[in-house]
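What the coordinates show
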Amino acid sequence: MVTSDAPQYLFDPNKTVAYCERCGKDTVHHLSIRLTSTADGNEVAPGNAKFAKRPVRRTVCSACETEILHDR
Ligand SMILES: [Zn+2]
């Protein structure tokens, strides 16, 4: 996958190339981590509510700015 003439952004840990459905092609996505809280209390006991937040990878297409959350 990695070629010797790969663009520099491939080595930026905060950017990744992924397929964007809106663009219909592979584009550069800005990568970040976001903490989300589980909306429904079924998964978490009341006393553990503060542990309900979990990190998910969030990518934003640099071309059309579509945000995608990668849950697990
Ligand atoms: Zn896009």
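Look up: the structure comes first, before these words.
For the structure given in this document, a descriptive report is provided here. (Residues numbered from 1 in each chain as written. Predicted model: local features only at pLDDT ≥ 70, side-chain atom pairs only at ≥ 80, totals over all residues.)

Some points on the overall build of the chain
Put simply, the rule reads: Here a helix means four or more residues in a row that DSSP labels H or I, a strand means two or more in a row labelled E, and each is numbered from the N terminus. For the exposure call, what matters is how many other C-beta atoms sit within 10 Å of a residue's own: 20 or more marks it buried, 12 or fewer exposed, and in between partly exposed, using C-beta atoms placed from the backbone. Any two residues are considered in contact once their C-beta atoms, placed from the backbone, lie within 7 Å.
Each helix and strand counted, the chain has zero helices and four strands in total. For the chain, the N- to C-terminal ordering of α and β elements is β-β-β-β. Per-residue burial over the chain gives 4% buried out of 72 residues. A fraction of 42% describes how many contacts in the chain between residues 6 or more apart in sequence connect residues 24 or more apart.

Here we look at the pairing of strand β4 (residues 67-70)
Condition: Any two strands with at least two DSSP bridges between them are considered paired.
By the bridge criterion, four bridges tie strand β3 (residues 53-61) to β4 in an arrangement that is antiparallel. Counterpart to Thr59 in the pairing with β4 is Ile68. A loop of five residues connects β3 with β4, the two strands running antiparallel in sequence, and Glu65 in this loop sits at a positive phi of about 65°.

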